[in-house]
Amino acid sequence: MDLDGVTLDTWIGRVGGLEERPVVPRLAEFDCRNNRLAQIGLQQDGFDAAVAQARANYGPDRIAVLVGTSTSGMEHCERAYRQRDPRSGALPGWFTERYSLNLFSVADFVQRYLELSGPAAAISTACSSSAKVFASAARLIEAGYADAAVVGGVDSLCLTTLYGFNSLDLLSREPCRPCDAARDGISIGEAAGFALLEGPGRARSGVALVGYGESSDAFHMSSPDPSGDGAYAAMHFALQRAGIAPREVHYVNMHGTGTPANDRIEDRAIFRLFGDSVPCSSTKGWTGHTLGAAGIVEAIICALCVETGLVPGTLNLDRVDPAFASRVAADAETRDLRCVLSNSFGFGGSNCSLLLGRLA
Amino acid sequence: MSAVHLESVGVLGPGLPDWKTTCRVLDGELPHRPEVRGDPDLPQLPPNERRRVPKLTRWALAVAHEALAGAARAAGDVAMVFSSSSGDGEIVHKLCEAVTSPEREISPTMFHNSVHNAAPGYWSISTGSRQRSVALCGHDASFAVGLLEAIGLVLSEQASVMLVACDLPFPEPLAALRDIRAPFAVALLLSPASGERALARWKVSLGAGPASARFPHMLPAALATNPAAQALPLLAASRASVAQSVSLVYAGDRHMTVETAPCR
């Protein structure tokens, strides 16, 4: 793998050039790998311009900022620990807790970068973090605390997550192979993604958040519940909130990490709710598992699916696990997709499913 | 804005061993004595679970159990919002030491305990609750940021919500960079309806400019450095027999106004 001083036998998804792209001078104190990644995310696809327009429409204090992250500036903290004073043990003077390590750093950075002043929070529920931001934003808008929300997720590579997942024996030695009979773990990636949510009746885009469901496993901190009840409940609540039947869902973007346990349990939960008629796939073969950013990355993929009718295939899938009962899409398909579901499950048994659909 | 109702409270801090004692201190009936105690035991958990629970989670679960008992509710009926600025500093320190050592060996338990949602995770595992939960951070404003999340749940979903805010001092060398001088945890059980148990009714709004709430004068200044302890000015005002307005630190140099009125 290709990361500063890491000797693990695994594959990573690294965003190239981060090292050469510091954050803007007016926010220089926030400079760290995670906030650099956030900044690049904000500059993609005209996002910052769309937010500027929303700021003019609603006012900066009526737009919330909710950012999911699992490790924020942990990589910056690790760097600081490598430069501790050999005598006193003190951390170097360039390191601050507030602007990098603290989980709120990334939400603070995004809020200041976009010049917004509404409700703000970093949401950190491991790998469901940036799916949960959608639920929180929808509630703040419904309760009247905001008219719109910038939601997103940012997680950058660091030694803690790489060696941590390695300690749990969850890293694949090859590019991850979700749903494959021979899958053996995850490939960690880094990513930033953002979406602008506007209240009902105000949005111009063709895609809407039509439902969300959340649940807890009540089982184990790092192993998913074999019954799949928690995963099932999150999907079921999302459909219930939207008031739609399982047959009205046309595609499921799986959490699909590529670990033997996750994919097996998720397959069972999907089959229990949808049978074998709804195509499902995991896009982590392309992106890797971007942890706290996985929810937003896959929500954006799902929005594109609704817009284009694409059912993404499952990269690196040679042979679907014969024990699976749901309809895994190995290859890409095109069909009419009015409503799609995205799953995100995290450590601590934190489950979140988002339902995205086409505006009528 | 609609109102939310405070049903019950759990508190843990130096010289504030529970909500009942905290009330007497806030009411001026009992002088505050900042005694030093160890981390809570969590007698509610089976012994094998109890051993695994990391430090920050111990504090969080202790106050959550107190608030749950005070409301006579089942854990499975209550969503959890957990907010912390510090997270578990001991774990962050140990992880950073581990990954910068030549061996780079991390304990798998320490790694999964490092997630910010460890407290709601262990809460769900130990109570069997499959209710949704979320974990947040808002730096110095973590209490108010958590409160707004909880209020969003109460108002838009008519849910009963356990808000737990907890911060602990960092170990060195991180302590030199973050001034949290005393440990504190608080749990607030909030609900949409005004039941017979309701202690206070709150209406919450955000505004421009800094906060103006004064920290309760009978409590030590060290406690005021703890983001979770920003609940204390609000709890003190909620004890009053007449309506009060409290202004709390919010993110982005703004403040949160809580208008509190007694329910009985």
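Please read these numbers as outputs of a predicted model, since none were measured by experiment.

With that settled, the discussion passes to the overall build of chain A. What chain A contains, in helices and strands, is 11 helices and 14 strands. On C-alpha atoms alone, chain A measures out to a radius of gyration of 20 Å, which is about the 21 Å that the 2.2 N^0.38 rule sets for 360 residues. By principal-axis analysis of the C-alpha atoms, chain A measures approximately 60 × 50 × 35 Å. Looking at chain A as a whole, 62% of its 360 residues are labelled buried. Within chain A, contacts between residues at least 6 apart in sequence are counted, and of these 80% link residues at least 24 apart.

With that out of the way, let us pick up the environment of Gly285 of chain A. Residues and elements named next belong to chain A. Counting through the fold element by element, Gly285 comes out in helix α10 (residues 284-287). When the C-alpha atoms of Gly285 and Asn316 are compared, they prove to be 6.2 Å apart, with 31 residues separating the residues in sequence. For Gly285, the contacting residues outside a window of four places in its chain are Pro175, Cys176, Arg177, Pro178, Thr314, Leu315 and Asn316.

Facing the 54 residues of chain B at the interface are 55 residues of chain A. No other element matches the 9 residues that helix α7 (residues 142-157) of chain B contributes to the side of chain B that touches chain A. Partitioned by chemical class, the residues of the side of chain B that touches chain A number 26 nonpolar, 19 polar and 9 charged. Relative to strand β3 (residues 133-137) of chain B, strand β3 (residues 120-123) of chain A is paired through 2 bridges, and the arrangement is antiparallel. Looking at β3 of chain B, one finds that Ile123 of chain A is bridged to Leu136 of chain B.

We now examine the environment of Ala120 of chain A. Tracing the backbone through its elements, the reader meets Ala120 of chain A in strand β3. Taking the C-alpha atoms as reference points, Ala120 of chain A and Phe104 of chain A, 16 residues apart in sequence, are found 8.9 Å from one another. If we skip the residues at most four places from it in the chain, Ala120 of chain A touches Ala64, Val65, Ala107 and Gln111 of chain A together with Gly138, Ala251 and Gly252 of chain B.

Structural remark: α-helix, 3.6 residues per turn; residues separated by three or four positions point the same way. For helix α5 (residues 104-113) of chain A, the tally of buried residues reaches 9 of 10 residues, placing the bulk of the element in the interior. Those residues of α5 of chain A lying buried are Phe104, Ser105, Val106, Ala107, Asp108, Phe109, Val110, Gln111 and Tyr113 of chain A. Contacts made by the buried residues of α5 of chain A are with α1 (33-43), β2 (63-68), α4 (97-101), β3 and β4 (148-155) of chain A together with β3 of chain B. In the segment just after α5 of chain A, Glu115 of chain A is the residue with positive phi, at about 55°.

With that settled, consider unusual backbone geometry. Glu172 of chain B connects to Pro173 of chain B through a cis peptide bond whose omega is 5°. Structurally, the position occupied by Pro173 of chain B is in the loop between β4 (161-167) and β5 (184-191). The phi angle at Asp45 of chain A is positive, at roughly 55°, despite the residue not being glycine. Summarising the element assignment, Asp45 of chain A is placed in the loop between α1 and α2 (47-58). Here Asp45 of chain A falls in the exposed class, since 11 other C-beta atoms lie within 10 Å of it.

Once that is clear, we can look at the sheet that holds β4 of chain A. Taking strand neighbours across the sheet as the criterion, the 12 strands line up as β6(A)-β4(A)-β2(A)-β3(A)-β3(B)-β2(B)-β4(B)-β5(B)-β1(B)-β6(B)-β8(B)-β7(B) in an open arrangement whose pairing is mixed. Pairing within the sheet leaves two strands with one partner each, and these edge strands are β6 (191-198) of chain A together with β7 (244-250) of chain B. Neighbour-to-neighbour, the strand axes of this sheet turn through a mean angle of 30°, independent of strand direction. As paired elements, β2 of chain A and β3 of chain A share 4 bridges and run parallel to each other. The residue of β3 of chain A that forms the bridge with Val67 of chain A is Ala122 of chain A. In this fold helix α6 (residues 129-142) of chain A packs onto β2, β3, β4 and β6 of chain A together with β3 of chain B, with an angle of close to 165° to the strand it touches most, β4 of chain A.

This paragraph deals with the nonpolar core. Among soluble globular proteins, nonpolar side chains are generally buried collectively. Counting 217 residues, the largest nonpolar core has Ala149 of chain A together with Val63 and Val164 of chain B as its most contacted members. Once you skip the residues sitting within four places of it in the chain, Val63 of chain B turns out to touch Gly10, Val11, Leu12, Val164, Ala185, Val186 and Ala187 of chain B.

Before going further, it helps to spend a moment on the sheet that holds strand β7 (residues 207-216) of chain A. Residues and elements named next belong to chain A. A sheet is described by the order of its strands in space; here 6 strands give the open sequence β7-β14-β13-β8-β9-β11, paired in mixed fashion. Here the strands that pair on one side only, and so sit at the sheet edges, are β7 and β11 (327-328). Sheet analysis places strand β8 (residues 251-253) next to strand β9 (residues 279-281), joined by 2 bridges and oriented parallel. Bridge pairing links Asn253 to Ser281 in β9.

On any regular strand, side chains alternate: one points to one face of the sheet, the next to the other face. Residues and elements named next belong to chain A. Burial within strand β14 (residues 350-358) is extensive, with 8 of its 9 residues counted as buried. With 9 bridges connecting them, β7 and β14 associate as antiparallel partners. Note on β14: the bridge partner recorded for Val207 is Arg358. Judged from the 8 bridges that link them, strand β13 (residues 339-346) and β14 form a sheet pairing that is antiparallel. Within the sheet, the bridge partner assigned to Phe345 lies in β14 and is Asn351. Linking β13 to β14, which pair antiparallel, is a turn of 3 residues; within it Gly348 sits at a positive phi near 80°.

Reading guide: rules and limits
Residues numbered from 1 in each chain as written. Chains lettered and ligands numbered in written order. Predicted model: local features only at pLDDT ≥ 70, side-chain atom pairs only at ≥ 80, totals over all residues. Helix = DSSP H or I, 4+ residues; strand = E, 2+ residues; numbered from the N terminus. Rg over C-alpha atoms; globule rule 2.2 N^0.38 Å. Buried ≥ 20, exposed ≤ 12 C-beta atoms within 10 Å, placed from the backbone. Contact = placed C-beta atoms within 7 Å. Nonpolar A, V, L, I, M, F, W, Y, C, P; charged D, E, K, R; others polar. Pairing = 2+ DSSP bridges. Axes fitted to C-alpha atoms, helices over the stretch in contact; angles between N-to-C directions. Core = buried A, V, L, I, M, F, W, Y, C linked by C-beta atoms within 7 Å.

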